[in-house]
Amino acid sequence: MDYEFLRDVTGQVIVKFSMGHEAIGHWLNDEVKGDMAMLADVERRLLSLSGSLAQWQHIGHEYTLLIDAEEVMVRANGISVECDDLEEGLSYYDEESLSLCGSDDFLLMLKRYRQFMHTGG
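Residues numbered from 1 in each chain as written. Predicted model: local features only at pLDDT ≥ 70, side-chain atom pairs only at ≥ 80, totals over all residues. Heavy atoms only, no water.

Before we go on, may I ask you to explain the overall build of the protein chain in this structure?
Helix and strand content of the protein chain: 3 helices and 6 strands. Going from the N terminus to the C terminus, the protein chain shows its helices and strands as β-β-α-α-β-β-β-β-α. Buried residues in the protein chain amount to 34% of all 121 residues. Put simply, of all contacts in the protein chain between residues at least 6 apart along the chain, 52% involve residues at least 24 apart. Split by element, the accessible area of the protein chain, about 7,500 Å² in all, is 48% carbon and sulfur. (Helix = DSSP H or I, 4+ residues; strand = E, 2+ residues; numbered from the N terminus. Buried < 20%, exposed > 50% of the residue type's maximum accessible area, 1.4 Å probe, protein only. Contact = heavy atoms within 4.5 Å. Areas by Shrake-Rupley, 256 points an atom, 1.4 Å probe, with all protein chains shown as cover.)

The following block contains the structure:
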């Protein structure tokens, strides 16, 4: 999972992720928007799930974050595709609307995001 933290001309932080993980960047850009309290809550909840089978989700305006002890999923709230409706041989996948990553990688990315926000990039 590759990502880059940038600032636009107004100073707003923009996060770009590699193919397959774009939804995580959209979640940071559209839902988090530098809200350190929200990040702290997500980190705390993710760490509290360690070793358990429990899950936690946060439904935002555009994206939902679903976490368990080992994996993080970010998906666009508009995704509601019935796979039965697809023609034979076709599958639905919109990499900008759904991303998965390991919990440890996600926590490391959040740490780097927080550092970038505090140092001014």
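From this point, things continue past the structure.
Would you mind showing me how to read the pattern of salt bridges here?
Scanning the entire structure with this criterion turns up 3 salt bridges. Measuring nitrogen to oxygen at the nearest pair gives 2.4 Å for the salt bridge that ties R44 to D41. With R44 and D41 both in helix α2 (residues 36-48) and 3 residues apart, the pair spans about one turn of that helix. The partner of D41 in a salt bridge is R45, and the shortest N-O contact between them spans 3.1 Å. Remark: R45 and D41 occur in helix α2; sequence separation between them is 4 residues, near one turn of the helix. Classification of R45 as partly exposed rests on a relative accessible area of 29%. When salt bridges that share partners are traced, they join D41, R44 and R45 into one network. (Salt bridge = Lys/Arg side-chain N within 4 Å of Asp/Glu carboxyl O.)

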